[in-house]
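Observations on chain architecture
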Amino acid sequence: MSLTARIVSALLAAVVVTIILKLQRRGGMVSKYGLLWMATSAIMLVMAAAPDAVDTIGGWLGVEYTPSLVFMAALGFVLIVLVQYSWELSRVEQRVQILMEEVALLRRELEDRSKSAESEN
């Protein structure tokens with residue numbers, strides 16, 4: 001990896017860390033996701049600081065072109081994150097559906113009580 005690529009990787013990791021820290025301070029990101037992205041930034045920093053480690057890992061796995069290993073790992077990471085987000089979104093949608101039904105039932109009960117109170121007067 002060239003010196004320029006290492007510098008760009010390190011700067012990109014620093015930018016990600018800065019953005020994540022700002023989002024967490026403002027309450028815009030839950031800490032579990034912040035930790036995920038901080039770990040990603042740490043891996044980016046390690047790859048920028050020690051590109052020979054990536055070459056060594058690629059050699060162990062039989063990958064001849066090391067950047068393809070990096071892209072494959074990044075793609076795998078993105079797919080895992082997408083599946084996890086889809087799972088969380090599905091859970092939230094189910095919870096919203098339940099809450100909507102509960103609100104409708106409570107609204108109906110409140111209307112019934114209001115009507116019965118009006119009829120008593």
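All of the points below concern the structure found in this document. Remember, predicted model here, so these are calculated numbers, not experimental data.

To continue, consider the overall build of the protein chain. Of regular secondary structure, the protein chain possesses 4 helices and 0 strands. The helix and strand sequence of the protein chain, counted from the amino end, reads α-α-α-α. Projected onto the principal axes, the alpha-carbon positions of the protein chain cover approximately 85 × 30 × 15 Å. Residues counted as buried form 13% of the 121 residues belonging to the protein chain. Just so you have it, the protein chain exposes about 9,600 Å², and 68% of that area is on carbon and sulfur atoms. Mean positive and mean negative side-chain charge positions of the protein chain (11 and 12 charges, respectively) differ by 8 Å.

So, on to the packing of helix H2 (residues 31-49) against helix H4 (residues 66-120). The geometry of H2 relative to H4 is characterised by a closest axis approach of 13 Å and an angle of 180° between their N-to-C directions. In terms of axis orientation, H2 runs roughly antiparallel to H4. Two secondary-structure elements touch here, H2 through Lys-32, Tyr-33, Leu-36, Trp-37, Thr-40 and Met-47 and H4 through Val-70, Phe-77, Val-81, Gln-84, Tyr-85 and Glu-88. Residue classes in the contact of H2 with H4 are distributed as 8 nonpolar, 2 polar and 2 charged.

Here H2 contains 19 residues, and its C-alpha end-to-end distance of 26 Å stays within 8% of the 27 Å for a straight helix at 1.5 Å per residue. When H2 is considered as a whole, its buried residues turn out to be Tyr-33, Gly-34, Thr-40, Ser-41, Met-44 and Ala-48. Looking straight down H2, one finds its buried side chains confined to an arc of 125°; they lie on one side. Residues of H2 that are exposed and angled more than 90 degrees away from the buried face: Leu-35, Ile-43, Val-46 and Ala-49.

It is at 8 Å that the axes of helix H1 (residues 3-26) and H2 come closest, and there the two elements cross at 165°. The angle between H1 and H2 falls in the class roughly antiparallel. Judged by the twist between their axes, the crossing of H1 over H2 is left-handed. Two secondary-structure elements touch here, H1 through Arg-6, Ser-9, Ala-10, Leu-12, Ala-13, Val-16, Val-17, Ile-20, Leu-21 and Gln-24 and H2 through Ser-31, Gly-34, Leu-35, Trp-37, Met-38, Ser-41, Met-44, Leu-45, Ala-48 and Ala-49.

Scoring rules and cut-offs
Residues numbered from 1 in each chain as written. Predicted model: local features only at pLDDT ≥ 70, side-chain atom pairs only at ≥ 80, totals over all residues. Heavy atoms only, no water. Helix = DSSP H or I, 4+ residues; strand = E, 2+ residues; numbered from the N terminus. Buried < 20%, exposed > 50% of the residue type's maximum accessible area, 1.4 Å probe, protein only. Areas by Shrake-Rupley, 256 points an atom, 1.4 Å probe, with all protein chains shown as cover. Lys, Arg positive; Asp, Glu negative; His and termini not counted. Charge placed at Lys NZ, Arg CZ, Asp CG, Glu CD. Axes fitted to C-alpha atoms, helices over the stretch in contact; angles between N-to-C directions. Parallel < 35°, antiparallel > 145°, perpendicular 65-115°, else oblique. Contact = heavy atoms within 4.5 Å. Nonpolar A, V, L, I, M, F, W, Y, C, P; charged D, E, K, R; others polar. Expected span 1.5 Å × (residues − 1). Arc of directions from axis to C-beta. Left-handed = near helix turned anticlockwise from the far one by under 90°.

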